[in-house]
Every structure is written in C-alpha cells, then in structure tokens.
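One-letter residues, chain by chain:
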Amino acid sequence: MTNSQQTPPPRIPGYDGGPFRHQPELLNEDLFWQVHLHLGDTQGQEAGDLLSQLLGGDTWPVFTVPLAGAHHLYVVYRALEGEAGIDYPVLLQRPPRPRHRPHDHDRR
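The rules behind the values
- Throughout this document, residue positions are counted from 1 along each chain, in the order its sequence is written.
- Since the coordinates come from a predicted model, pLDDT governs what is reported: local features require at least 70, and pairs of side-chain atoms require 80 or more to be given and counted, while whole-chain, interface and lining totals use all residues.
- Calculation of side-chain values draws on the structure's entire complement of heavy atoms; hydrogens and water are dropped beforehand.
- Per the convention used, a helix needs a DSSP run of H or I reaching at least four residues, while a strand needs a run of E reaching at least two, with both numbered from the N terminus.
- The criterion used for residue contact is that any of the two residues' heavy atoms lie within 4.5 Å.
- For every accessible area listed, the method is Shrake-Rupley and the probe measures 1.4 Å; residues are considered covered only by the protein chains on display.
- One side-chain nitrogen of Lys or Arg within 4 Å of one carboxyl oxygen of Asp or Glu is enough to make a salt bridge.
- Summary of the burial criterion: residues with accessible area below 20% of their type's maximum are buried, those above 50% are exposed, and those between are partly exposed, where the area comes from a 1.4 Å probe applied to protein chains only.
- Patch building starts from residues that exceed 30% relative accessible area and form no salt bridge, then joins like charges within 9 Å and nonpolar side chains (Val, Leu, Ile, Met, Phe, Trp, Tyr) within 5 Å.
- The directions from the helix axis to the C-beta atoms are what the arc is built from.
- A pair of Phe, Tyr and Trp rings is counted when the ring centres sit within 6.5 Å of each other, with Trp represented by its six-membered ring. The angle between the planes then sorts it: under 30 degrees is stacked, over 60 is edge-to-face, the rest tilted.
- Grouping buried Ala, Val, Leu, Ile, Met, Phe, Trp, Tyr and Cys residues that are joined through side-chain atoms within 4.5 Å yields what is termed a nonpolar core.

On to the overall build of the chain. Summing up its helical and strand segments, the chain has two helices and five strands in all. Sequence-ordered secondary structure for the chain, helices as α and strands as β, is β-α-α-β-β-β-β. For the chain, contacts bridging at least 24 residues in sequence account for 43% of all contacts bridging at least 6. Total accessible area on the chain is roughly 7,700 Å²; 50% of this is exposed by carbon and sulfur atoms.

Here we come to the pattern of salt bridges. The full count for this structure, using the stated rule, is one salt bridge. Put simply, Asp87 and Arg78 hold a salt bridge, and the shortest N to O gap is 2.7 Å. Judged by its relative accessible area of 18%, Arg78 falls in the buried class.

A word on a nonpolar patch on the surface. Among the surface-exposed residues, Leu67, Val90 and Leu92 lie close enough to one another that they form a single nonpolar patch of about 260 Å² accessible area. Position of Val90 among the secondary structure elements: in strand β5 (residues 90-91). Since its relative accessible area comes to 38%, Val90 is described here as partly exposed.

In an α-helix, one full turn covers 3.6 residues, which means residues spaced three or four apart are oriented alike. If you check which residues of helix α1 (residues 30-37) are buried, you get Phe32, Val35 and His36. Projected down its long axis, α1 carries its buried residues within an arc of 100°, all on one side. Elements that come into contact with the buried residues of α1 comprise α2 (45-56), β2 (60-66), β3 (72-78) and β4 (85-87).

Inspection of the entire model under this criterion finds seven aromatic pairs. Judged by centre distance (6.1 Å) and plane angle (90°), the ring pair of Phe63 and Tyr77 falls under edge-to-face. Pair noted here: Phe63 is in strand β2 and Tyr77 is in strand β3, with a separation of 14 residues, a long-range link. As far as burial versus exposure is concerned, Phe63 and Tyr77 are alike and both buried. By way of ring pairs, the aromatic residues Phe32, Trp33, Phe63 and Tyr77 are connected into one cluster.

Moving on, we come to the nonpolar core. Taken as a class, soluble globular proteins show a tendency for nonpolar side chains to be buried jointly. The biggest cluster of nonpolar side chains holds eleven residues, and these are Leu26, Leu27, Phe32, Val35, Ala47, Leu50, Leu54, Phe63, Val65, Val75 and Tyr77. Elements supplying a minimum of two residues to this core: α1, α2, β2 and β3. Looking at which element gives the most residues to this core, the answer is α2, with three residues. In contact with Leu50, other than residues within four places in its own chain, are Leu26, Leu31, Phe32 and Val35.

As structure tokens, then:
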C-alpha cells in the first residue's frame, strides 16, 4: 500500500454509501501496520485505541491503492456495529473506447 493522496470516489463498488474518511496519513505509522497485519504486540493500549478508531468510530477509514490500468483497490475499515471488518473492493475502470474514425473509403 502506498500513501496515495487520491481520494476515493463518492461511490465505492459494493457500498450504498458510507461515512467514508480518507486517511492516508495512517499509512506512515508503524502502529497502523502492526494492527493491520496483526504483528507484534497488538494487545497494548495504543494498539487497542487505534483499532477502536479504525473499526469503532463514526467514520469508515478508507485507503486508495492505485493499480495498473487506472484500476484501484480500496481498503475500507467498515465500522458497523456487530459487523466491523476490513473490505478490499476493487474499482475496475473501463478502458476508453476508441473514437470512430472513418476509413479512407468512407470519405467522400
């Protein structure tokens, strides 16, 4: 994951909406990665506070990961009571359609 400053679109595939909050600054924090990847001592007070912030707040932290071909992966910390979790929806961009170009024999 990179610290992409690109904000998520107003609609993320698979969601009817949500209180999304783009928080790329968390990607620079070691504690975030320990909690996200379940590494080291994630049972400490600071880790518990961060986990509560990610999965128990009024907003859903979202991170954007640019992929090849203008596609994007979104990491959504879904803070729904009783259904909290992390989702990884992908937004696939359709390739631009080529403009119709008349063939030489179509020109008159």
